[in-house]
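One letter stands for each residue in the lines below.
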Amino acid sequence: MDRNGLTVLDCTLRDGGYYSNWNFDTALVEEYLAACPGLGIDVVELGYVRFKEGHFGPYGQLPAGLTPNLREALPAGHRLRFAVMVDGTDLAGPPAGEVGRLLAEKLAPGSLPVEMVRVAVRYDRVAGVTEAVASLREAGYAVCLNLMQIDLATAEQADTCLAAVAAMGPLEAVYIADSLGSLRPERTAELVRAFRDGQSAPVGIHAHDNQGFALHNTVIAAEAGATWLDGTVHGMGRGAGNTRTEQLLAVLGDGPERLQPLMDLVVRHFHPLMDKYRWGPSGLYAIAGMRDVHPTYVQRIEEHTALAADEKLSALGFLGDASASAFSTDVFDEALAHASA
């Protein structure tokens, strides 16, 4: 695939944090940042900035994780850009017109220069973040929109979302975000083409691997006109995980010598994490993806190690029938009760 005009964004510290509660070993982060400039990675997403208090690790409540050693780990002359993510639901707290200023104040003590903010918002709530996006731009940030659960949108809903995006003003990129791991290749291409043609910002793809389609959907999206491509190291990410950065870079033409530092990082740090957290495609995640079930349900089901296979399948069947595309503790408890009945 021709790499010209493509932007590769690695979001390991953000999406991978759903397993580690945004805690990462210092040596891992330093080696990761040191390796990124020599790879075909353009942007590193460092984690979440939040306006509500919570029990999150340092990369889930930036700038806590942005310590001086990270700046020192980067080679001189690197050209990486740094991004953070803000959850659209978190924007309900502060005044929308003050979001940019407040975020800049939060990030000021951090050791790395954040120039980009990705706003994660469900496809039917885009209009509600318009003022906050304008505030972020006014504060000097490039803004990306990650359109969560966009695969669930009807044709009419997708058109409404597209109109809201087009009216929002300049954006760095608009992402098709496969939040549920439900996207299939033909739907991926359809959505990319619609957002490519219907508004002026570049289109991106953030894929999940529930059905084993993450890398394939990313390539299909690029062929359909997406120019921003997400990945995570060894696929570490919510639920079944994401497009593997090392595989994506290989598809884009990085050879063994260039990839070696990343593969060393995978073996030293991410293999042990995978043994511990067990992300990646599975039968349960595939079912969840096919039935539009939120991946956190599968993560929680898998944490109940005493559940037999038939009980897990029964719980997941209940969730599929309940159209459980958003996570709810009450609904999860109902699913467990159903499975044990």
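Above this note sits the structure.
Here, residues in each chain are numbered from 1, in the same order as that chain's written sequence. For this predicted model, a pLDDT threshold of at least 70 governs which residues receive local features, and a threshold of 80 or more governs which side-chain atom pairs are given and counted, while totals over whole chains, interfaces and linings are taken from all residues. The side-chain values count all of the structure's non-hydrogen atoms but skip hydrogen atoms and water molecules.

Note on conventions: DSSP H or I runs of at least 4 residues are helices, E runs of at least 2 residues are strands, and numbering of each starts at the N terminus. Broken down by element type, the protein carries 15 helices and eight strands. Each principal axis of the C-alpha distribution contributes one length, and for the protein these read about 60 × 45 × 40 Å. The contact criterion used is simple: two residues touch if any of their non-hydrogen atoms lie within 4.5 Å. Restricting the contact set of the protein to residue pairs at least 6 apart, pairs at least 24 apart contribute 79%. For the area figures, the Shrake-Rupley method with a 1.4 Å probe applies, and any residue is considered shielded solely by the protein chains shown. By element, 51% of the accessible surface of the protein is carried by carbon and sulfur atoms, the whole surface being about 13800 Å². Charge counting follows a simple rule: Lys and Arg are positive, Asp and Glu are negative, and His as well as the terminal groups are ignored. All charge positions are set by atom: Lys at NZ, Arg at CZ, Asp at CG, Glu at CD. If the 26 positive side-chain charges of the protein are averaged to one point and the 43 negative ones to another, these points end up 1 Å apart.

Let us look at the sheet that holds strand S8 (residues 228–231). Strand order in the closed barrel formed by eight strands is S1-S2-S3-S4-S5-S6-S7-S8, with parallel pairing between adjacent strands. Sheet twist, expressed as the mean angle between neighbouring strand axes with direction ignored, is 25°. Of the strand pairs in this sheet, strand S1 (residues 7–10) and S8 are connected by four bridges, and their pairing is parallel. Bridging from a neighbouring strand, aspartate 10 pairs with glycine 231 of S8. The pairing criterion is simple: DSSP has to find at least two bridges between the two strands. Angles shown run from 0 to 180 degrees and are taken between the N-to-C directions of axes, each axis being a line fitted to C-alpha atoms and, for helices, limited to the stretch in contact.

With that settled, consider helix H12 (residues 283–290). Along H12, the residues that are buried comprise Leu284, Tyr285, Ala288 and Gly289. Angular distribution of buried residues about the axis of H12 spans 135°; they occupy a single face of the element. The outward face of H12, more than 90 degrees from its buried face, is lined by the exposed residues Gly283 and Met290. Looking at the buried side of H12, the elements it contacts are helix H2 (17–20), helix H13 (295–303) and helix H14 (309–321). Note on H12: the residue one or two positions beyond its end, aspartate 292, has a positive phi of about 60°. When accessible area is computed with a 1.4 Å probe and restricted to protein chains, residues below 20% of their type maximum are described as buried, those above 50% as exposed, and intermediate ones as partly exposed. Working note: the arc is built from the helix axis to C-beta atom directions.

Quick look at the environment of glutamate 115 now. Here glutamate 115 lies in strand S4 (residues 114–122). When the C-alpha positions of glutamate 115 and alanine 76 are compared, they lie 19 Å apart, and in sequence the two are 39 residues distant. If we ignore the near neighbours within four places in the chain, the residues touching glutamate 115 are Arg81, Phe82, Gly140, Tyr141 and Ala142. Of the polar contacts made by the side chain of glutamate 115, one reaches the side chain of arginine 81; its length is 2.8 Å. Contacts described as polar in this section are N or O atom pairs within 3.5 Å, which, within protein, must combine one atom able to donate a hydrogen with one able to accept it, while residues neighboring in sequence count only if both atoms come from side chains.

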